[in-house]
Amino acid sequence: MDVKKHLEELDILGYTLIKEALSLEEIEELKNELERIWSIQEKETENIFNIKEIAENNIVRAPLAYSESFIKAYNNSKTIPLIKEVLGDYFILSQENGVIVHPNLTHSQNKWHRDLSHMNFVSDPPLVINAFFCLTNFTIETGATQLLPHSHKINYEPSTDYMNNHGISIEAKAGDVFLFNSMIFHRTGINISQGKRIGLNHIYTKYILKQQIDIPALLDFKSPEDPFLNMLLGFDSRVPTSVLDYRLIRKASSDKKKNNK
């Protein structure tokens, strides 16, 4: 993998495409797990409200809390080295979401947006990076993700006409992953094919930014033995709920450092 090339594209264009980050077996496993988890999450609200009312239809939130299979993606050997180059040695996984786009149906992600919602600022070096895995082929027909090149370098929202005229579709094969600066404007394309378009998105941030959902709490505060995963999942940077909790977190961190010497 040409690290220098990918970093240059990420810096200047705002995105880069990495080929074959997942095997065929891993792709099938993750697709099946996303479908299974979505059926669970959909049922959680069916007797409370229509999930479409809050633009959450066919978005699978935090699948890593339901299956260990997703470590293949959020700790992927082709993406993590690049993310380290951009964000430094200390960063966290802010969110992991599956996106299922059905044929000829409007999806909540069809509007141009940044993944730090309601934020329009320029950061150098970057604070946030996305890693979006294609679990099916991304083509114009299937509704490939559209990006607006260079828009991570402007601190305002361009006109819709400009974005429609200058946005590009990222076509890729199942197993590929594209990294992009989270401040680049992007949207899901319209799927006019006969099948689903399935992707798995990750947002990595400097630890000073909060997670979308408290991942340590989702995992019942069962801290991984691996120091890197412990950091990545936010166990070392969660907000304590009391003075005692703060000190217990520091004690646990200190004990791990001693044990890993």
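Along each chain, the written sequence defines residue order, and numbers are assigned to residues from 1. Two thresholds apply to this predicted model, a pLDDT of at least 70 for residue-level local features and 80 or more for giving and counting side-chain atom pairs, whereas whole-chain, interface and lining totals are computed over all residues. No hydrogens and no water enter the side-chain calculation; it runs on all heavy atoms of the structure.

A.B. asks: Explain the layout of surface pockets residue by residue, including any values.
C.D. replies: Using a 1 Å grid laid over the protein atoms alone, points where a 1.4 Å probe fits but cannot get out form a cavity; open sets with protein on both sides within 12 Å along at least 5 of 7 lines form a pocket; any residue with an atom within 4 Å of a point counts as lining. Grid points are joined across faces, edges and corners, and a volume is the space filled by probe spheres set on the points. Of the pockets and cavities examined, the largest pocket occupies roughly 700 Å³. What lines the largest pocket is a set of 33 residues, among which Gln95, Asp115, Ser117, Ile203 and Gln212 lie closest to the centre. Tallied by class, the residues present in the lining of the largest pocket amount to twelve nonpolar, 14 polar and seven charged. Under the grouping applied here, Gly and all other residues not named as nonpolar or charged are polar, the nonpolar ones being Ala, Val, Leu, Ile, Met, Phe, Trp, Tyr, Cys and Pro and the charged ones Asp, Glu, Lys and Arg.

A.B. asks: Hey, could you go over the packing of aromatic side chains for me, with residue numbers and the actual values?
C.D. replies: The pairing test for Phe, Tyr and Trp rings, Trp by its six-membered ring, is centres within 6.5 Å, and the orientation test on the planes gives stacked under 30 degrees, edge-to-face over 60, and tilted for anything in between. Tallied over the entire structure, the rule returns seven aromatic pairs. Plain terms: the ring middles of Phe91 and Tyr204 are 6.1 Å apart, the flat faces sit at 80 degrees to each other, and that makes the pair edge-to-face. Taken as a pair, Phe91 in strand β3 (residues 91-101) and Tyr204 in strand β9 (residues 197-206) lie far apart in primary sequence, 113 residues in all. Only protein chains enter the accessibility calculation, which uses a 1.4 Å probe; a residue whose area is less than 20% of its type maximum is buried, one above 50% is exposed, and one in between is partly exposed. The exposure class assigned to Tyr204 is buried, which follows from its relative accessible area of 0%. Each helix is a run of DSSP H or I of at least 4 residues and each strand a run of E of at least 2, with the numbering of both proceeding from the N terminus.

A.B. asks: I'd like a rundown of the sheet that holds strand β5 (residues 146-147), residues and numbers included.
C.D. replies: The pairing criterion is simple: DSSP has to find at least two bridges between the two strands. Pairing within the open sheet is antiparallel, and its three strands lie in the order β6-β5-β8. Looking at the sheet topology across the chains shown, the edges are occupied by β6 (168-169) and β8 (186-187). Summarising the sheet, β5 and β6 pair through two bridges and their orientation is antiparallel. Looking across to β6, one finds that Gln146 is bridged to Ser169.

A.B. asks: Just give me the short version of the sheet that holds β3, but keep the residues and values in it.
C.D. replies: The sheet built from six strands is open, its strands ordered β1-β7-β4-β9-β3-β2 with antiparallel pairing. For this open sheet the edge positions go to β1 (15-18) and β2 (59-61), each flanked by a neighbour on one side alone. Going across the sheet, the axis of each strand differs from the next one's by a mean of 20 degrees, ignoring polarity. The pairing of strand β4 (residues 128-134) with strand β7 (residues 177-181) spans five bridges and is antiparallel. Bridge pairing in β7 places Phe133 opposite Val177. In what follows, a contact means two residues having at least one pair of non-hydrogen atoms within 4.5 Å. For helices, the axis comes from a line fit to the C-alpha atoms of the stretch in contact; other axes are also lines fit to C-alpha atoms, and the angle between any two N-to-C directions lies between 0 and 180 degrees. On the sheet, helix α1 (residues 3-12) packs against β1, β4 and β7 and is oriented at approximately 145 degrees with respect to β1.

A.B. asks: Pulling in residues and values, what's your account of the pairing of β7?
C.D. replies: Consecutive side chains of a regular strand alternate in pointing toward one face of the sheet and then the other. Within β7, five of the five residues are buried, which leaves the element mostly enclosed by the surrounding structure. Side chains Val177, Leu179 and Asn181 of β7 all project onto a buried face; the interleaved residues Phe178 and Phe180 project onto the opposite face, where all are buried too. With four bridges connecting them, β1 and β7 associate as antiparallel partners. Its bridge partner lying in β7, Leu17 is registered against Phe178.

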